[in-house]
Amino acid sequence: MERMEDILDLLKARRSVRHYQRKEVSREVIERLIEAARWSPSGANIQPWHFVVVTREDLRREVGDEAKFFFVKSRHVSEAPLLIVVCGDTKSSFHVVDCSLAGANIIMEATSLGLGTCWIGAFHEDRIKEILGIPEGMKVVGIITVGYPAETPPPPPKLELLEILHWEVFRDTGRSFRSRVLRSGPLSVLPRILKMIFRMR
Ligand SMILES: Cc1cc2nc3c(=O)[nH]c(=O)nc-3n(C[C@H](O)[C@H](O)[C@H](O)COP(=O)(O)O)c2cc1C
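How each quantity is defined
- Residues numbered from 1 in each chain as written.
- Predicted model: local features only at pLDDT ≥ 70, side-chain atom pairs only at ≥ 80, totals over all residues.
- Heavy atoms only, no water.
- Pairing = 2+ DSSP bridges.
- Helix = DSSP H or I, 4+ residues; strand = E, 2+ residues; numbered from the N terminus.
- Axes fitted to C-alpha atoms, helices over the stretch in contact; angles between N-to-C directions.
- Buried < 20%, exposed > 50% of the residue type's maximum accessible area, 1.4 Å probe, protein only.
- Lys, Arg positive; Asp, Glu negative; His and termini not counted.
- Salt bridge = Lys/Arg side-chain N within 4 Å of Asp/Glu carboxyl O.
- Polar contact = N/O pair within 3.5 Å; in protein donor to acceptor, adjacent residues only side chain to side chain.
- Contact = heavy atoms within 4.5 Å.
- Near = heavy atom within 4 Å.
- Areas by Shrake-Rupley, 256 points an atom, 1.4 Å probe, with all protein chains shown as cover.
- Nonpolar A, V, L, I, M, F, W, Y, C, P; charged D, E, K, R; others polar.
- Phe/Tyr/Trp six-rings, centres within 6.5 Å; stacked < 30°, edge-to-face > 60°.
- Lys NZ or Arg CZ within 6 Å of the ring centre and 35° of its normal.
- Parallel < 35°, antiparallel > 145°, perpendicular 65-115°, else oblique.
- Left-handed = near helix turned anticlockwise from the far one by under 90°.

Undergrad: Can you walk me through the sheet that holds strand β6 (residues 138-147) in this structure?
TA: Strand order in this open sheet of 4 strands is β1-β4-β6-β5, and the pairing throughout is antiparallel. Looking at the sheet topology across the chains shown, the edges are occupied by β1 (49-54) and β5 (116-120). Strand-to-strand twist across the sheet, computed as the mean angle between neighbouring axes with direction ignored, equals 25°. As judged from the 8 bridges shared by strand β4 (residues 82-89) and β6, these two strands associate in the antiparallel manner. Within β6, the position partnered with C87 by the bridge is V140.

Undergrad: I keep staring at the side chain of R60 and nothing clicks. Help me out?
TA: Here R60 lies in helix α3 (residues 57-65). Of the side chains with opposite charge, E57 lies nearest to the buried R60, which makes no salt bridge, at 4.8 Å. Within the structure, the side chain of R60 is placed 3.0 Å from the backbone oxygen of T55, a separation counted as a polar contact. Polar contacts involving the side chain of R60 include one to the main-chain carbonyl oxygen of A80, which spans 2.9 Å. What R60 contacts, discounting residues up to four positions off in sequence, is V54, T55, V77, S78, E79, A80, P81, L82 and L83.

Undergrad: Explanation requested: the pairing of β4 in the structure shown.
TA: Side chains on a regular strand alternate between the two faces of the sheet. Here β4 lies mainly inside the structure; 8 of its 8 residues are buried. Of the two faces of β4, the one carrying L82, I84, V86 and G88 and the one carrying L83, V85, C87 and D89 are both buried.

Undergrad: Hey, could you run me through the site of the ligand in this one?
TA: Near the ligand lie 14 residues; those nearest to it are R14, S16, R18, G121 and K158. Contact distances for the ligand include 3.0 Å between a nitrogen atom and a backbone N or O atom of W119. Within the side chain of K158, one N or O atom sits 2.7 Å away from an oxygen atom of the ligand. Look at the ligand: alone it shows 620 Å² of surface, and the protein chains cover 63% of it. The element that contributes the greatest number of residues to the shell around the ligand is β5, accounting for 3 residues. Taken together, the residues that form the shell around the ligand break down as 5 nonpolar, 4 polar and 5 charged.

Undergrad: What am I meant to see in the pattern of salt bridges here?
TA: Any two side chains of opposite charge can pair, so long as their charged atoms come close to each other. Enumeration according to the criterion identifies 10 salt bridges in this entry. Ionic pairing is found between R32 and E109, a salt bridge with its closest N-O pair at 2.7 Å. Taken as a pair, R32 in helix α2 (residues 27-38) and E109 in helix α5 (residues 95-112) lie far apart in primary sequence, 77 residues in all. The salt bridge involving E130 is made with R127; its shortest N-O contact spans 2.7 Å. Residue E130 and its partner R127 are both found in helix α6 (residues 125-132); the two are separated by 3 residues, about one turn of the helix. A residue is classified by how much of its surface remains accessible, and E130, at 57% relative accessible area, is exposed. One continuous salt-bridge network, built from bridges that share partners, spans E66, R127 and E130.

Undergrad: Is there a simple way to think about the packing of aromatic side chains in this case?
TA: Each aromatic ring pair is specified by the distance between its two centres and by the angle formed by the two planes. For the coordinates displayed, the defined rule picks out 1 aromatic pair. On the basis of an interplanar angle of 70° and a centroid distance of 5.0 Å, the ring pair of F69 and F70 is categorised as edge-to-face. The residues F69 and F70 share a single accessibility class, namely exposed. Above the ring of Y148, the side-chain terminus of K23 is found at 4.1 Å from the ring centroid.

Undergrad: What is the right way to look at the packing of α3 against α6 in this model?
TA: In a pair of packed helices, the angle between the axes and the distance between the axes together describe the arrangement. Where α3 contacts α6, the axes come no closer than 9 Å and their chain directions differ by 165°. Here α3 is positioned roughly antiparallel relative to α6, judged by the angle of their axes. Judged by the sense of rotation from one axis to the other, the crossing of α3 with α6 is right-handed. In contact with L59, E62 and V63 of α3, α6 contributes R127, I128, I131 and L132. Split by residue class, the contact of α3 with α6 holds 5 nonpolar, no polar and 2 charged.

Limitation: the analysis is restricted to geometry and does not speak to function.
Right, here's the structure in full:
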C-alpha cells in the first residue's frame, strides 16, 4: 500500500471542541462522515452500528438536556449544529468496541474536513432512546457533537510514551491509574466544570 499523508499530524491536531459556529454542516459532509464510519473494522465484520444524525433544533435541545454528568450539563450538545448518535446492536458482543472505532473514524474524518467534534459519554441513555425512537436491543454507545469550531482549545495533558509503552513485557511505568486521574483526569478539567456551574446560575 502506498504511504498516504501522515495521519499522525491529524491525530495530534484533533481536540475536543466545545464551542461551535452557527454554520450548518452540509448533507454531503454528513454523508462523508458516515462513509468514514462504514469503513471501520468490526468483530467478524458484523458492522453492528447505526448512526442517528440529529440536526433539528428542538431535538438537539432535548438531547442536550439529557447530556449531563450528575447536574453538570454538556452545554455544547445543544449548541452543536449536528449530533451523531452512535448506536450498537447488542446482539453482537463486540458492539461497544466496534461502535467506538467507527466513532473514531467519524471524528478523524471530521477533523480532516476542518470540523470540530467532541465525544459525549455522559448522558441518560433511556431518555435519549425515547427522544430519538431508538429501539430495544440498541445501546447508545456515544454521541458525537460536530460543528465548525468557534474555539481553538490548547493541547490537553497527555501521558508520555515511556509512561504507557511496554516493550515485550508489562513493567511498572510509575503511572498508576490514581496518578493518571490526578494528573490528567477530572482534576485537569475542574476549571471547565466550575465554569459550566457558574454559567448555569
Ligand atoms: C468515553 C469518553 C467520554 C467522554 N465524555 C465526555 C462528556 O460527556 N462531555 C464532554 O464534554 N467531553 C467528554 N469526552 C471528551 C474528553 O473529555 C476529552 O477527550 C479529554 O478531555 C481529552 O481531550 P482531547 O479530546 O482534546 O484530547 C469524552 C471522551 C471519551 C473518550
